[in-house]
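Coordinate analysis (summary)
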Amino acid sequence: MNKLFYRKYMIVGAMLLCGTLSFAQSDDPVIMTVNGHPVLRSEFAYSYKKNNTNGVLDRKSVRDYVPLFINYKLKVEAAKDAHLDTLSSYKKEFAGYRDQQIRPAMIDSADVEAEARKIYEETRRRIDDNGGMVRVSHILLAMKQKATPDEEKVAKQRIDSVYNALQHGADFAALAHKVSQDPGSASEGGQLPWIVKGQTFPEFENQVWSLKDGQLSKPFLSPAGWHIVLRQGHQPFFSYESQRADILRFIDQRNLREQIINQKLDTLAKQRHTTPDAVLAAKREEMEKQDPNLKYLIQEYHDGLLLFAIADSMVWQKAKNDEAGLEQYFRKNRKRYRWDAPRFKGIAYCTRAQEDIDNVKKTVKRLPFSQWAEKLRTTFNADSVLRIRVEKGIFRMGDNALVDKEVFGKDTIAKPVKDYPYMAVYGKKLKAPKEMDDVRELVVADYQDALEKKWVEQLRRKYPVIVNEAVVDTVK
């Protein structure tokens, strides 16, 4: 092979190789780059499909969703620049969620079955080594712990008469049904479920395990009262098959799957000479390769936590705490908050005593509206007897029957509250909001929107964004 042919062969081979790589990359091309970080089409498609299902009211087209997705990514970049992803609180919360997506996959039904077998064997060994299980019937004549000597004497006489009847051939089940004061077993002729040691009173167990099958005890005393016991039989602990469903239910109720997972992680870590965290990380990589949606679900939570933290700092809490900004925004946009009908700003209240009707008005007359509730509470309802009942707010017609009648002149009947027969209203009827507090919730929400819009504009100037329009067109 001459050199020229060899060079051509190498060039053709390289071209074929490049073509192959290019084809492989095109399976999931870069749809946009945000601050130098490439975003694959699959991530965008995952986010779009999740947020624009058929049930979503404000469903967006792919084109309309692009700027929303960009804004989301820009906020995440801002959070990273603020190093919020380095905070220990963030790392702990994110790791907890991330690992919770992976941990259940570390075990299978065989691992759970093995734990169930282990629990069964430990229980069986403990019970069988301690006398097994015993089946008994009993008759109980209850007696108070602090019974008087006369009460003790009467109870002893009664239990002795029951014992004598049994000694002379009386049917145990019939007598238990008639005289036993154990509501759980009397209706069953005194029959108790299989019992094991440690399950009942020591006095009861000592008697039961001292008897032979078929033997009747003499009357004996426990903290519950006087007993007569008929031991019916004994056996080892139940079979695994009969207990399996209950043990599996026990594992789920006690959240023992987490314990099984920890044991599995520790075992695998020792086998691989690494750490449980490294084992879990390897499992996550394996699962993400098999299911790209899992990868983006974890990424979504990672970014979502960052977005929440940065938005809370830059928008939500900032708007709530910026009183000067809220006031300025309200004054500038006052026309936006006009009401379609008058409102009543005040209180509707009822009192136990008639004189408190005027006392309430005098108490709040010269105070700011925001202080009324606390002042009324400390003045009239500070002790155990509540003198007044108050509803405070900015009322529209239809919100309160008493306000409708007294302020808006509607022909309604305001029902008095029990024990508070005297009713009145106090406040002002307003045609429009007089101050920002009259529409605070609306102003805060609008101010947050304004802050977010301004913030996003700043982020778009700060971080470069390149969108591959041709790739956007391929998203279905």
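See the structure above.
If you're wondering where the values come from, they're calculated on a predicted model, not measured in any experiment.

Definitions and cut-offs
Note on numbering: residues in each chain are counted from 1, in written sequence order. Totals for whole chains, interfaces and linings use all residues, but because this is a predicted model, local features are given only for residues with pLDDT of at least 70 and pairs of side-chain atoms are given and counted only at 80 or more. Processing note: side-chain calculations cover all non-hydrogen atoms of the structure and skip hydrogens and water entirely. Strand pairing is defined by DSSP finding a minimum of two bridges between the two strands. Comment: elements are numbered from the N terminus, with helices defined as DSSP H or I runs of at least four residues and strands as E runs of at least two. The convention used is that axes are lines fitted to C-alpha atoms, helices contributing only their stretch in contact, and that angles between N-to-C directions extend from 0 to 180 degrees. What counts as a ring pair is set by centres within 6.5 Å for rings of Phe, Tyr and Trp (its six-membered ring), and what kind of pair is set by the plane angle: stacked under 30 degrees, edge-to-face over 60, tilted for all other angles. Each residue is placed in one exposure class: buried if its accessible area under a 1.4 Å probe, protein chains only, is under 20% of its type's maximum, exposed if it is over 50%, and partly exposed if it falls in between. Residues scored as positive are Lys and Arg, those scored as negative are Asp and Glu, and His as well as the terminal groups of each chain are ignored. We define a salt bridge as a side-chain nitrogen of Lys or Arg found within 4 Å of a carboxyl oxygen belonging to Asp or Glu. In this description, contact between two residues means that some pair of their heavy atoms is separated by no more than 4.5 Å.

Notes on the sheet that holds strand β6 (residues 343–351)
- In space, the three strands of this open sheet follow the order β7-β6-β8, with antiparallel pairing throughout. Looking along the sheet, the strands with just one partner apiece sit at the ends: β7 (388–395) and β8 (422–430). Neighbouring strand axes in the sheet, compared pairwise and without regard to direction, differ in orientation by 10° on average.
- Pairing geometry for β6 and β8, over nine bridges, is antiparallel.

Remarks on the packing of aromatic side chains
- Applying the stated criterion across every chain, the model contains 18 aromatic pairs.
- Each ring, one from Tyr97 and one from Tyr301, has its centre 3.7 Å from the other, and the planes form 15°; the classification is stacked. With Tyr97 in helix α4 (residues 88–102) and Tyr301 in helix α12 (residues 292–321), this residue pair connects regions lying 204 residues apart in the sequence.
- With a centroid separation of 5.4 Å and 75° between ring planes, the pair formed by Tyr120 and Tyr240 is classed as edge-to-face. Residue Tyr120 is found in helix α5 (residues 109–128), and its partner Tyr240 is found in helix α9 (residues 240–253); the two are separated by 120 residues along the sequence.
- For Tyr240, a relative accessible area of 4% translates into the label buried.
- A connected cluster of aromatic rings, assembled from ring pairs, spans Phe44, Tyr48, Tyr65, Phe69 and Tyr72.

Structural notes on the side chain of Glu115
- As for its position among the elements, Glu115 is in helix α5.
- Among buried charged residues, Glu115 stands out as having no salt bridge; its nearest opposite-charge side chain is Lys118, 4.5 Å away.
- Aside from chain neighbours lying at most four places away, what touches Glu115 is Ile251, Gln259, Ile260 and Gln263.

What to know about the pattern of salt bridges
- Inspection of the entire model under this criterion finds 29 salt bridges.
- Arg103 is the salt-bridge partner of Glu258, the closest N and O atoms lying 2.8 Å from each other. Linking Glu258 in helix α10 (residues 256–272) with Arg103 in the loop between α4 and α5, this pair joins segments that are 155 residues apart in sequence.
- Notably, a salt bridge pairs Asp246 with Arg249, separated by 2.6 Å at the nearest N-O pair. Taken together, the positions of Asp246 and Arg249, both in helix α9 and three residues apart, correspond to about one turn of that helix.
- The class for Asp246 is partly exposed, based on a relative accessible area of 40%.
- Taking the relative accessible area as the measure of exposure, Arg249 reaches 44% and is therefore partly exposed.
- Bridged by salt links that share partners, the residues Glu43, Lys73 and Asp303 form one connected network.

Some details on the sheet that holds strand β4 (residues 220–222)
- Strands sit in the order β3-β5-β4 across an open sheet of three strands; the sheet is antiparallel. Here the strands that pair on one side only, and so sit at the sheet edges, are β3 (133–142) and β4. On average, each strand axis in the sheet is inclined to that of its neighbour by 45°, with strand direction left out of account.
- Taken together, the 10 bridges between β3 and strand β5 (residues 225–235) define a ladder with antiparallel strand orientation. By the bridge assignment for β5, Ala142 is matched with Gly225.
- Together, β3 and β5 form the strand contacts of helix α7 (residues 172–179), whose direction differs from that of β3 by roughly 45°.

With respect to the pairing of strand β1 (residues 30–34)
- Here four bridges tie β1 to strand β2 (residues 37–40), and the two strands are oriented antiparallel to one another. Across the sheet, the residue bridging to Val34 is His37, located in β2.
- By the bridge criterion, three bridges tie β1 to strand β9 (residues 465–467) in an arrangement that is antiparallel. Following the sheet pairing, Val34 is matched in β9 by Val465.

Functional significance is not addressed by these values, which are geometric in nature.
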